[in-house]
Amino acid sequence: GTNSMNCETCQRRILGADPKQLPVCELCAESREETVRQSIARMVLTDSETEFVCCDCFGSRLQLGELDGEQVLGCGECKGLLLPRRTFAALIGRRRANHQGADEQPAFDPDTDAPLTGSARRNCPMCRSILDSYFYAGPGRVASDSCCQCDAVWLDTGEITRIEKAP
């Protein structure tokens, strides 16, 4: 049988849709490409809210989204990103391998770039456990937050791009 799904944008029926990707019909594809060009880190959110509350904004619900063909959860307000650790590793590997252009090493600001401590630490949007906050072991001088219970990684806006473009 032919797979069919509804377009995430306009809800039109799409025949032959790939069940592993967020479906977008041809009529919405051009608009979607413009959204990707304008988005931070190329993350596209679907406006389909989940039950999970953003661990940075607190009032916003995370939305289903896509980043480089991978399904992720993202915040429409702060543009934070929650994804499985394996997805994070795969995305970083591909992005660093495909990065073209000058490397960038932004100045380190200890007030915004250091790991969170004490009461500033966040709760996992999925299980509410306290996220571990630490310096990402790879390039980019990024402090990331992860959940050992859910095996998820939380990245603030721009952090995935900093890792991608770091020398």
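This is a predicted model, so every value here is computed, not measured. (Residues numbered from 1 in each chain as written. Predicted model: local features only at pLDDT ≥ 70, side-chain atom pairs only at ≥ 80, totals over all residues. Heavy atoms only, no water.)

## Concerning the overall build of the chain
When its secondary structure is counted, the chain shows four helices and nine strands. If you list the helices and strands of the chain from N to C, you get β-β-α-β-β-β-β-α-α-β-β-β-α. Of the contacts formed within the chain by residues at least 6 apart in sequence, a portion of 43% connects residues at least 24 apart. Of the accessible surface of the chain, which amounts to about 9,600 Å², a share of 47% is contributed by carbon and sulfur atoms. (Helix = DSSP H or I, 4+ residues; strand = E, 2+ residues; numbered from the N terminus. Contact = heavy atoms within 4.5 Å. Areas by Shrake-Rupley, 256 points an atom, 1.4 Å probe, with all protein chains shown as cover.)

## Notes on the side chain of Ser 144
You can see Ser 144 is positioned in strand β8 (residues 143-147). For Ser 144, a relative accessible area of 2% gives the class buried. (Buried < 20%, exposed > 50% of the residue type's maximum accessible area, 1.4 Å probe, protein only.)

## Examining the nonpolar core
Membership of the largest hydrophobic core comes to 14 residues, with the highest contact counts inside it found for Leu 67, Leu 81, Leu 83, Phe 88, Leu 155 and Ile 160. Breaking this core down by element, the ones donating at least two residues are β6 (81-84), α2 (85-98), β9 (152-155) and α4 (159-165). With three residues, the top contributor of residues to this core is α2. One finds Cys 55, Leu 73, Cys 75 and Cys 147 within the second-largest nonpolar core, a separate group that totals 13 residues. (Core = buried A, V, L, I, M, F, W, Y, C linked by side-chain atoms within 4.5 Å.)

## So, the environment of Ile 92
Relative to the helices and strands, Ile 92 resides in helix α2. Residues Ile 92 and Ile 160 lie 68 residues apart in sequence; the distance between their C-alpha atoms is 7.4 Å. Here Ile 92 is in contact with Tyr 136, Ile 160 and Ile 163, once residues within four sequence places are set aside.

## Considerations on unusual backbone geometry
Although it is not a glycine, Asp 68 sits at a positive phi angle of roughly 55°. Its place among the elements puts Asp 68 in the loop between β4 (61-67) and β5 (70-74). For Asp 68, a relative accessible area of 31% gives the class partly exposed. The backbone of Arg 128 shows a phi angle near 75°, a positive value even though the residue is not glycine. Of note, Arg 128 is situated in the loop between α3 (110-113) and β7 (132-135). For Arg 128, a relative accessible area of 49% corresponds to the partly exposed category.

## Notes on the confidence of the model for the chain
Averaged over every residue, the pLDDT of the chain is 82; residues scoring 70 or more account for 80%. Note that residues 34-39 has pLDDT below 50 and, in this model, three contacts with residues that lie over four places away or in other chains. (pLDDT = per-residue confidence, 0-100.)

## Here's the deal with the pattern of salt bridges
Inspection of every chain in the model, using the stated rule, returns nine salt bridges. Across the pair Asp 56 and Arg 122 runs a salt bridge, and its minimum N-O distance is 3.3 Å. A residue pair is termed long-range when its members are at least 10 positions apart, and Asp 56 in the loop between β3 (43-53) and β4 and Arg 122 in the loop between α3 and β7 qualify at 66 residues. The partner of Asp 145 in a salt bridge is Arg 122, with the nearest N and O atoms 2.8 Å apart. Note that Asp 145 is positioned in strand β8 and Arg 122 in the loop between α3 and β7, a separation of 23 residues in sequence. Judged by its relative accessible area of 3%, Asp 145 is buried. You can call Arg 122 buried: its relative accessible area is 10%. Each of Asp 56, Arg 122, Asp 145 and Asp 156 takes part in one network of salt bridges that share partners. (Salt bridge = Lys/Arg side-chain N within 4 Å of Asp/Glu carboxyl O.)

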